[in-house]
Amino acid sequence: MSKNITIQEGGTAKQMTVEKLRTNLVGGGSCLWVPEDTVTLGRKTITENGTFVAADDGLYGYARVTVRGVGRANGTDRDGDDASTTTDSGGALVTKKLPSRLVVDTPPTLTAYADGALIDFSGMVVRACLRSGGVWSDQAHPNGVIPLNELILPVTQADMASVHSDLWTDGAGINAIMLSYTQRWFIDYNDREKSVYVSEQVGVRNGKPAMYGCAVGPTQFFITRYNNCIYTFGSTADRELAGYYFDAAAERGNYYKFRMTTFSTGTGQVKEYGSADEWATAVPNSTVKPTGTPSLTPVSAGQEVPVQWERPEDGKTLETAFEISVS
């Protein structure tokens, strides 16, 4: 049977309160206990390794502690480099820098190929580098050099179709770039989903990326300007040359703004469009008037060959590339 126990003074029961309670410690000495509602607790966010004392913050203790970015398998260190954090045998945190990018320090010995030839990677030197600059290294990768057998090489064949060039010329005054119409989707003003076929960006209009395009497509063609007029030729289909600009910040989605329309005439033939568009600054100038079907060759044509490596700590794939010429 339980009984209510009270402390009496002179035969009269007294209601007692406790402000502090002292208890003995096992190793000697004593400590004071105080009511929880009389102490000041706070919250703390920790973003780095270290020892944190509540009294240093003017508190009895922490009601909540939030830890961010400490001890993650793939975080960053004080220098901004990728890093992994582990604990040693003594429980101390150990931070190890990780590489964040690859650099082809020395391209392969052979960099010129015929279309379809197999790529020879002999002589290539690839190094792993830190985000903050400088070469990363460890015991297995002195000076950051990645052995060829650790590299992932997804492209092993020269391919003329993958050649890119910023400029094409006939060597007699005609200079052009090649544009390709590819499909992109947008929402029109009637809230209907539509598509438009547009080229690579050729300038800026109203502060937005500007390009040429057509409501139907695709097609590919050359474009140049001569005597302040636009000319196209070598087109693979009859398409219009319409000006669009892309507004990625539109409230309901991605909008293309229609500007003008002029239809091409026949595939391959030169078409003159009148006054050049001032915003199409990427269209090069020719010194002679294009006629017929000019025969162009790429200037400094090259194919990008990707080079990849999975860093051992977390398997993240790093990638770079080098360029080969293809004929």
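Residues numbered from 1 in each chain as written. Predicted model: local features only at pLDDT ≥ 70, side-chain atom pairs only at ≥ 80, totals over all residues. Heavy atoms only, no water.

A. Expanded view of the overall build of the chain. Helix and strand content of the chain: zero helices and 25 strands. The 327 residues of the chain split such that 34% are buried. Contacts in the chain between residues far apart in sequence, at least 24 positions, make up 52% of those at least 6 positions apart. Of the roughly 19900 Å² that the chain leaves accessible, carbon and sulfur atoms contribute 48%. (Helix = DSSP H or I, 4+ residues; strand = E, 2+ residues; numbered from the N terminus. Buried < 20%, exposed > 50% of the residue type's maximum accessible area, 1.4 Å probe, protein only. Contact = heavy atoms within 4.5 Å. Areas by Shrake-Rupley, 256 points an atom, 1.4 Å probe, with all protein chains shown as cover.)

B. How the structure looks around the pattern of salt bridges. Going through the model one piece at a time under the given rule, you end up with two salt bridges. The partner of R127 in a salt bridge is D105, with the nearest N and O atoms 3.0 Å apart. With R127 in strand β12 (residues 125–129) and D105 in strand β10 (residues 101–106), this pair connects stretches of sequence that are 22 residues apart. Note on D105: relative accessible area 42%, which makes it partly exposed. Salt-bridge contacts for R311 lead to D314; the nearest nitrogen and oxygen are separated by 2.9 Å. (Salt bridge = Lys/Arg side-chain N within 4 Å of Asp/Glu carboxyl O.)

C. Expanded view of the nonpolar core. By size, the foremost hydrophobic cluster in this structure holds 21 residues, and its most contacted members are M124, V126, L151, W309, F322 and I324. Those elements that place two or more of their residues in this core are β10, β12, β24 (303–310) and β25 (317–326). At four residues, the largest contribution of residues to this core is made by β25. Residues I177, V202, L241 and Y245 belong to the second largest nonpolar core, which totals 18 residues. (Core = buried A, V, L, I, M, F, W, Y, C linked by side-chain atoms within 4.5 Å.)

D. Looking closely at the side chain of T219. Note on placement: T219 falls in strand β18 (residues 219–226). Excluding residues within four positions of it along the chain, T219 makes contact with L179, S180, Y181, S235, T236, A237 and R239.

E. Summary view of the sheet that holds β25. Read from one edge to the other, the open sheet built from three strands follows the order β11-β25-β24, with strand pairing classed as mixed. What marks the edges here is a single partner per strand, and that holds for β11 (112–113) and β24. Of the strand pairs in this sheet, β11 and β25 are connected by two bridges, and their pairing is parallel. Looking at β25, one finds that Y113 is bridged to V326. (Pairing = 2+ DSSP bridges.)

F. Examining the side chain of S286 more closely. Positionally, S286 belongs in the loop between β22 (271–275) and β23 (297–299). A polar atom in the side chain of S286 sits 2.8 Å from the side chain of T224. Filtering out sequence-adjacent residues up to four positions away, S286 remains in contact with G173, I174, N175, T224, R225 and Y226. (Polar contact = N/O pair within 3.5 Å; in protein donor to acceptor, adjacent residues only side chain to side chain.)

G. Broad picture of the pairing of β25. Covered by surrounding structure in β25 are L318, T320, F322, I324 and V326 only, the residues T317, E319, A321, E323 and S325 on the alternate face being uncovered. As paired strands, β24 and β25 are joined by eight bridges and run antiparallel to one another. Directly across from V307, in β25, lies its bridge partner T320. Hairpin connection, β24 to β25: the antiparallel pair is bridged by six residues, and G315 has positive phi, about 75°.

H. Summary view of the environment of P108. Inspection of the secondary structure assignment puts P108 in the loop between β10 and β11. Taking the relative accessible area as the measure of exposure, P108 reaches 4% and is therefore buried. Put simply, P108 and S122 are 14 residues apart on the chain and 5.5 Å apart in space, counted from C-alpha to C-alpha. Residues within four places of P108 in sequence aside, it is in contact with D120, F121, S122, G123, M124 and F322.

I. Up close: the packing of aromatic side chains. In total, this model carries seven aromatic pairs according to the counting rule given. Residues Y181 and F221 carry aromatic rings whose centres are separated by 5.3 Å and whose planes lie at 85° to one another, so their mutual orientation is edge-to-face. Taken together, the residues span a long stretch of sequence, with Y181 in strand β14 (residues 175–187) and F221 in strand β18 at a distance of 40 residues. F221 carries the same exposure label as Y181, and that label is buried. An aromatic cluster is present here, built from W168, F222 and F233 joined pairwise through their rings. (Phe/Tyr/Trp six-rings, centres within 6.5 Å; stacked < 30°, edge-to-face > 60°.)

J. Just a nonpolar patch on the surface, in detail. Judged by side-chain polarity, V34, L41 and Y60 come together as a nonpolar surface patch covering roughly 310 Å² of accessible area. Tracing the chain through its elements places V34 in the loop between β4 (30–33) and β5 (41–46). (Patch = residues over 30% accessible without salt bridge, like charges linked within 9 Å, V, L, I, M, F, W, Y side chains within 5 Å.)

K. Structural detail: the confidence of the model for the chain. Here the chain averages 77 in pLDDT, and 73% of its residues register 70 or above. Across the chain, the secondary-structure element scoring lowest on mean pLDDT is strand β21 (residues 255–258), at 48, and the one scoring highest is β12, at 92. Note on residues 250–255: pLDDT is under 50 here. Beyond four places in sequence and across chains, it has 19 contacts. (pLDDT = per-residue confidence, 0-100.)

L. Just the environment of T224, in detail. Along the chain, T224 turns up in strand β18. When residues no more than four places from it in sequence are discounted, the contact partners of T224 are N175, A176, C229, I230, Y231, F233, V283, P284, N285, S286 and P290.

M. View of unusual backbone geometry. Located in the positive-phi region is N143, a residue other than glycine, with phi close to 60°. Within the fold, N143 resides in the loop between β12 and β13 (167–169). Within the chain, N227 stands out as a residue other than glycine whose phi angle is a positive 50°.

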